[in-house]
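# Overview (structure and organization)
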Amino acid sequence: ARPASDNVLERSFSLRPTRPAKDMENIFQLIWNVIPPLAPRKHKGQDGKIGIIGGCQEYTGAPYFAAISARKVGADLSHVFCTKDAATVIKSYSPELIVHPVLDQPNALLEKWLPRLHTLVVGPGLGRADSILENAKSVIEKATSKGIPIVIDADGLLLVAQEPAIIQGYQRAVLTPNFMEFSRLYEAMLTEPVDSSDQHGSVLRLSQAMGNVTIVQKGERDFISDGDKVLVCTHEGSNRRCGGQGDLLAGSLGVLVHWAFPAGPEKINGQNPFLVAAFGACSLTRQCNHQAFQKHGRSMTTGDMIAEVGTAFNKLFET
Ligand SMILES: *[C@@H]1O[C@H](CO)[C@@H](O)[C@H](O)[C@H]1NC(C)=O
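Residues numbered from 1 in each chain as written. Predicted model: local features only at pLDDT ≥ 70, side-chain atom pairs only at ≥ 80, totals over all residues. Heavy atoms only, no water.

## Observations regarding the site of the ligand
Definition in use: A single heavy atom is enough: if one lies within 4 Å of a molecule or strand, its residue is considered near that molecule or strand. Throughout this description, a polar contact denotes any pair of N or O atoms lying within 3.5 Å of each other; where both atoms belong to protein, one of them has to be capable of donating a hydrogen while the other can accept it, and for residues adjacent in sequence the pair is counted only when both atoms sit in side chains. Calculation of accessible area relied on Shrake-Rupley with a 1.4 Å probe; when residues are assessed, cover is drawn exclusively from the protein chains displayed. Under the scheme applied here, ten amino acids are nonpolar (Ala, Val, Leu, Ile, Met, Phe, Trp, Tyr, Cys and Pro), four are charged (Asp, Glu, Lys and Arg), and all others, including Gly, are polar.
Taken together, Gln 171, Asn 212, Gly 227 and Asp 228 make up all the residues around the ligand. At a separation of 2.4 Å, an oxygen atom of the ligand approaches a polar side-chain atom of Asn 212. Protein coverage of the free-state accessible area of the ligand, which is 370 Å², stands at 39%. By residue class, the composition of the shell around the ligand is no nonpolar, three polar and one charged.

Here you go:
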């Protein structure tokens, strides 16, 4: 019934190592199944309240990109939890975001918010200050104890490499390392260098070592594993890399995780919802990159990609 997507799938999707491809053959269909219908009786918040943990004096763009991407994908609300000196700056970028200047101190306010959030995205613009990382760590610990799904990116991954136990075995987490972050994590967990000739095996082994936490290794191709399957997303983007693209991925993944996880196994054909969401977010990010590059070429920036979220989403999942 959805021939356009089916074609895209064949070009953009392959499966390894053990299960027949049939399992997740129509992954865009699975994503379409979990997209919440826009119904008149719904109340604000139901389709997603996403919390971004990040934003400090030096880095205010990353949390903004992640939070606004979540809104554009379809979250009702995005909350940014950042340091005091970043808050006014981030607010001034957009009236669409709720910004809490609370990341400087270990604090009860953030914990009070946690039960009201559907997903956390930890890391965009977090920075590397010890005290901030320490506070982010306690947020992760609280969130895991409450069973809240967590996406961890950027400097949040530094925290995981230093102290894997904070997330190890928590299968409601997705880590989204780039090449460097992946290598650091891999060496921390497996105490050997990454075998770059075996990306399938590397991402599978890292996921297993993390206790089957879903890992998205971003790159020319995106490798995604939950310790059981490996998906490869090769959906066409462009050769232009721009800083901030990872924030778009992390923010949209936060929303897709919230849709896929509570949807129930029948809607996603018994597949791991974190794997389905990760493949969706990778495809969407690549589609945004592709469309923005068509318009802007080399001058494309992350803002241009974010402007494409709506049409890219429709093209992939709603046609
Ligand atoms: C991870 O997944 C593999 C493959 O399904 C399984 O053999 C292993 O027991 C799982 N490990 C954990 C900690 O769940």
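## Section: the packing of aromatic side chains
The following threshold applies: Any Phe, Tyr or Trp ring, taking Trp's six-membered ring, that has another such ring centre within 6.5 Å forms a pair; planes under 30 degrees apart are called stacked, those over 60 apart edge-to-face, and the others tilted. Secondary structure follows DSSP: runs of H or I at least 4 residues long count as helices, runs of E at least 2 residues long count as strands, and numbering of each begins at the N terminus. By definition here, charges over rings are those cases where NZ of Lys or CZ of Arg is within 6 Å of the ring centre and within 35 degrees of the ring normal.
Counting across every chain of the model gives eight aromatic pairs. Ring geometry for Phe 28 against Phe 279: centres 5.9 Å apart, planes inclined by 40°, an arrangement best described as tilted. Placement of the pair is Phe 28 in helix α2 (residues 27-34) and Phe 279 in helix α11 (residues 273-296), with a sequence separation of 251 residues. Within the aromatic cluster, the residues linked to one another by ring pairs are Phe 28, Trp 259, Phe 279, Phe 313 and Phe 317. Over the ring of Trp 113 we find Arg 116, and its NZ or CZ is 4.5 Å from the ring centre.

## Quick word on the environment of Gly 237
This is how the line gets drawn: The contact definition used throughout considers only heavy atoms, calling two residues in contact when any of these lie within 4.5 Å.
Counting through the fold element by element, Gly 237 comes out in the loop between β10 (230-233) and α10 (245-260). For the pair Gly 237 and Gln 294, spaced 57 residues apart in sequence, the C-alpha to C-alpha distance is 9.9 Å. If near-sequence neighbours (up to four positions away) are discounted, Gly 237 is found in contact with Arg 286, Asn 289 and His 290.

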